[in-house]
Amino acid sequence: MTDTPLDYPIDDLLDVLDLRREGSTTIRVASPEGTGEDLADSQGDVFAGRSQPMPHGRVFGGQVLAQCLVAAGRTVEPVEDGSDVEPLARPIHSMHGYFLRAGDANRPLRFLVERMRDGRSFSARRVHAVQDGRILMSIIMSFQEVSGGLEHQIPMPAAPAPDTLRSDREILEHVPHPVAQETARRRPVELRHVDPLLLGPGEPGASEQSVWLRIARELPEDPLLHAAILAYASDYTLLEPILRRHGIGWGDPRLRPASLDHSMWFHRPARVDDWVLYTQSSPSAQSGRGLGTGHMFAADGTLLATVGQEGMVRLKGPTKP
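Predicted, not measured: the structure shown is a model, and the values here were computed from it.

## Focus: the overall build of the protein
Move 1: Assigned secondary structure in the protein consists of six helices and 13 strands.
Move 2: Expected size for 321 residues packed as a compact globule is a radius of gyration near 20 Å; at 21 Å, the protein falls within 12% of this value.
Move 3: With the C-alpha coordinates of the protein rotated into their principal frame, the extents come out at 60 × 45 × 40 Å.
Move 4: Counting all 321 residues of the protein, 45% fall into the buried class.
Move 5: Here the contacts in the protein between residues at least 6 apart in sequence split such that 73% fall between residues at least 24 apart.
Move 6: Accessible surface, the protein as shown: approximately 16,600 Å² in total, 52% of it carbon and sulfur.
Move 7: For the protein, the distance from the average position of its 34 positive side-chain charges to the average position of its 43 negative side-chain charges is 7 Å.

## Observations concerning the side chain of H226
Move 1: Along the chain, H226 falls in helix α5 (residues 223-234).
Move 2: Only 3.0 Å separates the side chain of H226 from the backbone oxygen of P220, close enough to count as a polar contact.

## What to know about the pattern of salt bridges
Move 1: Summed over all chains, the structure comprises 18 salt bridges.
Move 2: Between R20 and E22 there is a salt bridge, and its shortest N-O distance comes to 3.3 Å.
Move 3: The partner of R166 in a salt bridge is E170, and the shortest N-O contact between them spans 3.5 Å.
Move 4: Given the relative accessible area of 35%, E170 is considered partly exposed.
Move 5: In this structure, a network of salt bridges that share partners links the residues D12, D15 and R50.

## Describing the layout of surface pockets
Move 1: Quantified by volume, the largest pocket comes out at close to 1,700 Å³.
Move 2: Among the elements of the structure, α1 (7-17), α2 (61-73), β6 (134-144), α3 (168-172), α4 (178-186) and β9 (255-259) are those that each provide at least two residues to the lining of the largest pocket.
Move 3: By residue number, the principal contributor to the lining of the largest pocket is α4, which donates five residues.
Move 4: Roughly 1,000 Å³ of volume is contained in the second largest pocket.
Move 5: Around the second largest pocket, the lining is made up of 33 residues, and of these P91, V146, F266, H267 and R268 lie nearest the centre.

## Overview of the pairing of strand β13 (residues 303-315)
Move 1: For β13, a buried count of 10 out of 13 residues is recorded, marking the element as mostly surrounded by other parts of the structure.
Move 2: As paired elements, β9 and β13 share five bridges and run antiparallel to each other. Pairing of L255 across the sheet is with L315, part of β13.
Move 3: Note that strand β10 (residues 261-266) and β13 share four bridges and pair antiparallel. By the bridge assignment, S263 is partnered in β13 with G308.
Move 4: Examined bridge by bridge, strand β12 (residues 289-298) and β13 share nine bridges and lie antiparallel to one another. In the sheet register, T293 faces β13, and the bridge partner there is G308.
Move 5: The turn joining β12 and β13, which pair antiparallel and follow one another in sequence, is formed by four residues; a positive phi near 95° is taken by G301.

## Considering the environment of H177
Move 1: Within the secondary structure layout, H177 lies in the loop between α3 and α4.
Move 2: Taking the relative accessible area as the measure of exposure, H177 reaches 42% and is therefore partly exposed.
Move 3: Expressed as a C-alpha distance, the spacing of H177 and G251, which sit 74 residues apart in the sequence, is 9.4 Å.

## As for α2
Move 1: Between its terminal C-alpha atoms α2 stretches 18 Å, which fits the 18 Å expected from 13 residues at 1.5 Å a residue.
Move 2: In terms of burial, α2 is largely enclosed, as 13 of its 13 residues are buried.

## Concerning the packing of aromatic side chains
A ring pair, where both rings are aromatic, is described by two values, the distance of the centres and the angle of the planes.
Move 1: A full pass over the atoms with the stated rule returns four aromatic pairs.
Move 2: Residues F60 and Y236 carry aromatic rings whose centres are separated by 5.3 Å and whose planes lie at 20° to one another, so their mutual orientation is stacked. Taken together, the positions of F60 in the loop between β2 (42-49) and α2 and Y236 in the loop between α5 and α6 (240-246) put the pair 176 residues apart, joining distant regions of the chain.
Move 3: Under the relative-accessibility criterion, Y236 is labelled buried at 15%.

Parameters at a glance
- Once a new chain begins, its residue numbering starts again from 1 and follows that chain's sequence as written.
- A pLDDT threshold of at least 70 governs which residues receive local features in this predicted model, and a stricter bar of 80 or more applies before side-chain atom pairs are shown or counted, although totals over entire chains, interfaces and linings include all residues.
- Only heavy atoms go into the side-chain values, all of them from the structure, while hydrogens and water stay out.
- We count a stretch as a helix when DSSP gives it H or I for four or more residues in a row; a strand needs E for two or more, and each element gets its number in order from the N terminus.
- The globule rule is 2.2 Å times the number of residues to the power 0.38, and the radius of gyration it is compared with is taken over C-alpha atoms.
- Any residue under 20% of the maximum accessible area for its type is buried, any over 50% is exposed, and the rest in between are partly exposed; the area is computed with a 1.4 Å probe on protein chains only.
- Any two residues having at least one pair of non-hydrogen atoms within 4.5 Å are treated as being in contact.
- Per-residue accessibility takes into account occlusion by the displayed protein chains alone, with areas from the Shrake-Rupley method and a 1.4 Å probe.
- Charge assignment in this entry is limited to Lys and Arg as positive and Asp and Glu as negative, and neither His nor the chain termini are counted.
- The atoms used to mark charge sites are NZ of Lys, CZ of Arg, CG of Asp and CD of Glu.
- Here a polar contact is taken to be a pair of N or O atoms separated by no more than 3.5 Å, where protein atoms must pair a possible hydrogen donor with a possible acceptor and residues adjacent in sequence count only if both atoms sit in side chains.
- Think of a salt bridge as a Lys or Arg side-chain nitrogen and an Asp or Glu carboxyl oxygen that are within 4 Å of each other.
- A 1.4 Å probe that fits but cannot get out identifies a cavity on a 1 Å grid over protein atoms alone, an open set with protein on both sides within 12 Å along at least five of seven lines counts as a pocket, and a residue lines either if it has an atom within 4 Å of a point.
- Grid points are joined across faces, edges and corners, and a volume is the space filled by probe spheres set on the points.
- Note on pairing: DSSP must find at least two bridges between two strands before they are called paired.
- Helix span is expected to be 1.5 Å times the residue number reduced by one.
- Pairing of aromatic rings covers Phe, Tyr and Trp, the last through its six-membered ring, and needs centres within 6.5 Å; plane angles under 30 degrees mean stacked, over 60 mean edge-to-face, and all others mean tilted.

Below is the structure:
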């Protein structure tokens, strides 16, 4: 395998997330004919970006999630309330979206951000990720001014320290498969599975797993960037507990996986250049779909985020009894 410098995938990801603003637009909803109802126009912003090279040529869903978050976040500013208190920035606190179509990783993307509302404490945005006039993803996000209130969290489960585990990169670069080796070269987020990697078929097991993740380099002090990369990484492995439950490896030629939707709640500020423990489980699979849920913890046990995703997990051909 040709060696790729470890910094290259990280630099590439940062460049992919550095979207270019193309200008403003007006989002217009036409009134139904004959109703006379006044449906107000809303202000929009257009951003453009590119995709990471992918061995299968399709855009990685986590990349689109992260780019949508960056595009929306760049339109959210502190809101003046007329008081003498300086307004605070509004970080992302939740997002809910659908993956509608696969995208071509070799063609540019545009992100249309609709400024749905800016209230006293919350800002809502809707983002369409568009390629060649077709919507690839539609997602709504909410940003909230930081404030005090009730606070609690679930405890972080016990897990071996990341420095006691082999990195996925080290494992995959020795797997004699071009996709595995390309993944080892180009993946910007370092992953370390607590459980063995799902490389091939095995016995049905538990529908849960834990993965340590981080960017192995110090990043700028930009909360939006750290939240975006956390969202990016959240899409890597969340469907794996479904496959573990049924003893199916990612290399199974029958497998036809695809992300269908994605929800994420950001509880506390995160730093993705420190280790994050991503605990995942699958409560159900049916009708060719499976649900994955996860929690992301800082190394000190702080709960950073909660994630949910339903994915298509069809098997082409006969399945195991």
